[in-house]
Amino acid sequence: MLCDLLASSEVSSGWFSAAGPQVLVPSNGAANEIARGLLARFRSGFGGIVFHTPETLARSLVNASGSFPHVATDSERSLAFRVACNEIHHPLTQALGAEALFQRSYRDIRDTDMSVDEFEARAARGRVPLSDPQRILIRIARLYEKYLSQLGALDPADFLSGASELLRRGAPIAPQIVFGFYDLTGVQQSLILALRDAHAIDSIYLPVPLEAGLALPPYSFANRAVTLLTSGRDVAAGGPVHLPDIGLREFATPHDEFRETCRAVRRLLDSGVSASEVGIAVRSIEPRDAARLERYAQDFEFALRRRSARPLRSQRIGRSILRLLRLRSEDFPRSRVFQLLRDGFRAGSESDRGIDSLDRLTRRHHVAGGDGESLDRTLSGLAIREPESAARLDAYRSIVGDLEQLCAPWSEPMSGADWRKVLAVLLQRFRLETEEDLAAAAEIEAIGELVANGQRFSESFGTEIIAAAIESADLVEGPSGLPGEVWFGDVMALRGRSFGHLFLIAVQEDRFPQGRTPDPLLPDRLRETVGLRTIGDGRSEEELLFQLAIDAALESVTLSRARSDGFGKLLRPSVFLQRMARPEAAAEGKPFPESASEKRARVMHDPAAASLSPALRRRIRLALSTGQASQFDGIIPVDQALATAIRGRLAATSPTYFEDFGECPQRFLFRRLLHADEIEDPEHEPQLNRRDKGSLDHAILETFYRGLPAASFDEAATRRSLPDTTRALLHQAIDREFDRLDEESPPYNETMRRIDRAMTRSALERFVAHDLADLAEQCLRPEWFEYSFGTDRHGAPDYPNPVVLDLGHEQIGFRGTIDRIDSTPGADGPFKRYRVVDYKSARASSYRSLRKKIDSGHKLQLALYAVAIEHTLGLTPEQISGIIKPFIPNGGAEQFGFQLAETRERLIDNLSHFVSAILAGRFPAYPDDEGSCRYCPLNHSCRTRHDTSERRTLRRTESVRDLLAEWPE
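Every value quoted in this text rests on a predicted model; they were computed, and no experiment measured them.

## Considering the packing of helix H5 (residues 74–87) against helix H22 (residues 463–472)
Two elements in contact, H5 and H22, have axes whose closest approach is 10 Å; the angle formed by their N-to-C orientations is 145°. Viewed along their axes, H5 and H22 form a crossing whose handedness is right-handed. Packed against H5, whose contacting residues are Leu 79, Arg 82, Val 83 and Asn 86, the element H22 presents Glu 464, Ile 465, Ala 468, Ala 469 and Ser 472 at the interface. Across the contact of H5 with H22, the residue classes break down as five nonpolar, two polar and two charged.

Below, the structure written as structure tokens:
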């Protein structure tokens, strides 16, 4: 509309000159859109038009009066506000996020064209008593304004108010065309009213249609601005000349939505549509949205044009300096040190080589972190066990020593000039390799200059001030403006733009409309009293933005959303979609292969599918979505070379491996064959991890039982609690093993180690009391501890070779270590009984009804240990039993035991089927909430576990053995 006016012959002849029209627009995007429209009409270019935003208009007015004030930058305002918050010693100012909360409330006051003094006076006139947080806000605001004054800077609200005052005093200004405003802040309103009173408004153009002088729904939010701008004036109202074609698309996940949006853009470009006529918009851009869209845009060979502001803290140099500032207060955690090294920070001579091997070594030896002194204790303890590893870890010790020396100067607050020097020294520790690195270094240097100038109002700054300045800084990257780029931005940046074809994505309940967060400092009731704009729910503004986004499309607009987030959470459609029609999509002329979602839609909407039953239609849909031989995806091709490698692995394997297969074959595939397992993070473990705690408990029980007199076993038959002498022996064993552990592996957290020791005493006292009573009742005595066969992990093995088991079609070998073997004292020959014991540190609920679970193939480890001692000790199955002994008793012993003679045949049969499935490459996922999924490293990404339809299919099977029996050949 404005382009048509400016391009008309009677206007353009007079205005396209040095004294051409001046246009006041709400944003640079609106100015760019007007310029683009004019270029479409004047191919050879044009000149003489001046575009102003309220801020640039105010600057031109103030500068024309002979004044050139410095308007505080975002960084200067943040620093001044941050220091002001730190000056107020109150629990509220120390709360997380308090600074942002106070700054938001202050900004609302000033943007309403109200000073802090006026706010306080209005509250007094309205007889509204100010609360303690509101009085703190006023104190912080006055300190902030004082600091800005000491910097010689103006707050932006004061700058705009000053420009308005100049207009009221008669400052000369050219007539302005006011274009595109649908909302005004208080200071903007004051400026435009001053323009009106100075008769400096030529004409007004609103982006919303009017009826009887008002904007009707869904444009009604604009009525406040409409009333202000149209009072006594003729205005030109906008709105679409015709409604564009509106399409609605739904997708299974956001990945599908972004991919198919890019596919549709590619089709438009291939059909001859210019890239400048295509836009992609979202209510607000999240980093993951931008990453997804850019990735799929590259796949479909087109570029995105967007103005991005990447946080400095996400760039490697900014991120590393931020970590360095907090490294000493966090006690040099291991993960932070290695993150620094991987981000290119040079710390000593070892920082550029061997990072991965050093990382694995510190994980393996549970080096959680600590300064040089604590690392020296750790290395001295490690030297007792593994002197070679301790020598290799000296490299890590030297890196931490270098970091300690580097961080030492800022242990106390420093002056701004000193911080500028420190930041310059830190930048020298990085190689600047890309343009982004140069931009980050320049931003760090700017922060150094900022705090150096901040000495005008603060003598010293702590690390939290510098860290907060880095966290709030952005690396702004403008659009390249190259031809062939598709515009991408948020709905706010879309204002004033128009496209032939627009894609509005992520139109979901939690994204569009966006919710409003109430202001706890200035509630709506107080805002109404003093004349501040209320927060409300923002629904009317969101509805206006939604309608303006649709109006921005000249030919077609496509609204899309995802039905779920891809991890089981359902996403509801936006309430704004309820009035949208659902058109039918054409499927012809697609230059790219069909996606899975398009294929499902085409098959399920085929007329022939209308006669199918709902159950059959659902099965077809599941089969199409899976695209594999089974719903569980577990088939891998096994050639001769792979079969040979698997047989080599099965020639000497642990019984635990087959227990993994019986619980979930897919976990067996990833953990045991592909060695994809969890990595240890010792700095994130406040207590001993499960494996180390289990080894420690085993060593305590072995020491205790070996030193327990025979009389104590007889005494246990008559009482359920421990005698004082027995309890003293147990405590001695616990203290001896914990003292050894403290010497070999000094604790990173001494308090947690003391808690571990106390909890171990309590748990083992109860366990030993029950265990001694059970031994007396069964007439058994511990005979072997940590009995090993085929492995030397715990010293010289009791039986040197793996136990070989013939399954008929294959032979497999076992090696391992049995926690304990009990036997009947005094008996001999076939009358002597043996019992294999496996300790469990917790309740071991998943081992309840052990006999049944062995028969179903679900729990095989202990049964295979029983088969192993049958071979190594030359026993018969009738002599052997097994039992699980949890440290926290939760049921009778009969629930956790079995007789080998009763389970051996079924055990061998299960092993035969499992080995056949392994060699055939069949590894279906079999989730089990009882416990097998709890410690699986794949539990967060297991599709079967999180897919409701596939879990429903499992109900007809009771075990992996049943599932394999139904496996398609």
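So, next bit.
## Focus: the sheet that holds strand S19 (residues 816–823)
One open sheet accounts for five strands, arranged S16-S19-S20-S21-S22; its pairing is mixed. Edge positions in the sheet fall to strand S16 (781–789) and strand S22 (897–899), since each has one partner strand and no second. Adjacent strand axes in the sheet meet at a mean angle of 25°, parallel and antiparallel pairs treated alike. Pairing between S19 and strand S20 (residues 834–840): four bridges, direction antiparallel. From the neighbouring strand, Arg 820 faces S20, where its bridge partner is Val 837.

## A few points about the sheet that holds strand S13 (residues 485–490)
Reading across the sheet, the six strands line up as S8-S15-S14-S9-S13-S10 and stay open at both edges, with parallel pairing between neighbours. Each of the sheet's edge strands pairs with one partner strand only, and the pair in question is strand S8 (245–251) and strand S10 (303–305). Ignoring which end each strand starts from, the neighbouring axes of this sheet average 25° apart. The sheet strands contacting helix H13 (residues 287–299) are strand S9 (278–282), S10 and S13, and the helix crosses S10 at an angle near 140°.

## Quick notes on the nonpolar core
One finds Phe 102, Phe 119, Ile 321, Tyr 396, Leu 403, Trp 410 and Trp 419 to be the most contacted residues of the largest nonpolar core, which totals 86 residues. Looking at this core element by element, the count peaks at ten residues for helix H8 (residues 132–151). The residues touching Leu 403, leaving out its near neighbours within four places in the chain, are Leu 324, Leu 327, Phe 332, Val 337, Leu 340, Phe 345 and Ala 347. Formed by 55 residues, the second largest nonpolar core is a distinct cluster that contains Ala 157, Tyr 182, Ala 215 and Leu 577.

## As for helix H28 (residues 640–650)
Burial in H28 covers these residues: Ala 643, Ile 646 and Leu 650. The buried residues of H28 occupy an angular sector of 60° when projected down its axis, which confines them to one face. Along H28, exposed side chains directed more than 90 degrees from the buried face belong to Ala 641 and Gly 648. Along its buried surface, H28 packs onto helix H29 (655–663), strand S18 (811–814) and helix H37 (900–919).

Each value, and the rule that gives it
- Counting restarts for each chain, with residues numbered from 1 along the sequence as it is written.
- For a predicted model such as this one, the threshold for reporting local features is a pLDDT of at least 70, and the threshold for listing and counting side-chain atom pairs is 80 or more; totals across whole chains, interfaces and linings nevertheless cover every residue.
- The side-chain values count all of the structure's non-hydrogen atoms but skip hydrogen atoms and water molecules.
- Axis definition: a line fit to C-alpha positions, over the contact stretch in the case of helices; interaxial angles, taken between N-to-C directions, run 0 to 180 degrees.
- Counting from the N terminus, the helices are the DSSP runs of H or I reaching at least four residues and the strands are the DSSP runs of E reaching at least two.
- Crossings are classed by handedness, with left-handed meaning an anticlockwise turn of the near helix from the far one by less than a right angle and right-handed meaning a clockwise turn.
- Whether two residues are in contact is decided by their heavy atoms: any pair within 4.5 Å suffices.
- Note on residue classes: Ala, Val, Leu, Ile, Met, Phe, Trp, Tyr, Cys and Pro are nonpolar, Asp, Glu, Lys and Arg are charged, and everything else, Gly too, is polar.
- For two strands to be treated as a pair, DSSP must find no fewer than two bridges joining them.
- We call a set of buried Ala, Val, Leu, Ile, Met, Phe, Trp, Tyr and Cys residues a nonpolar core when their side-chain atoms join them within 4.5 Å.
- Between buried and exposed lies partly exposed: a residue is buried under 20% and exposed over 50% of the maximum accessible area for its type, with that area taken using a 1.4 Å probe on protein chains only.
- Note: the arc covers the axis-to-C-beta directions of the helix.

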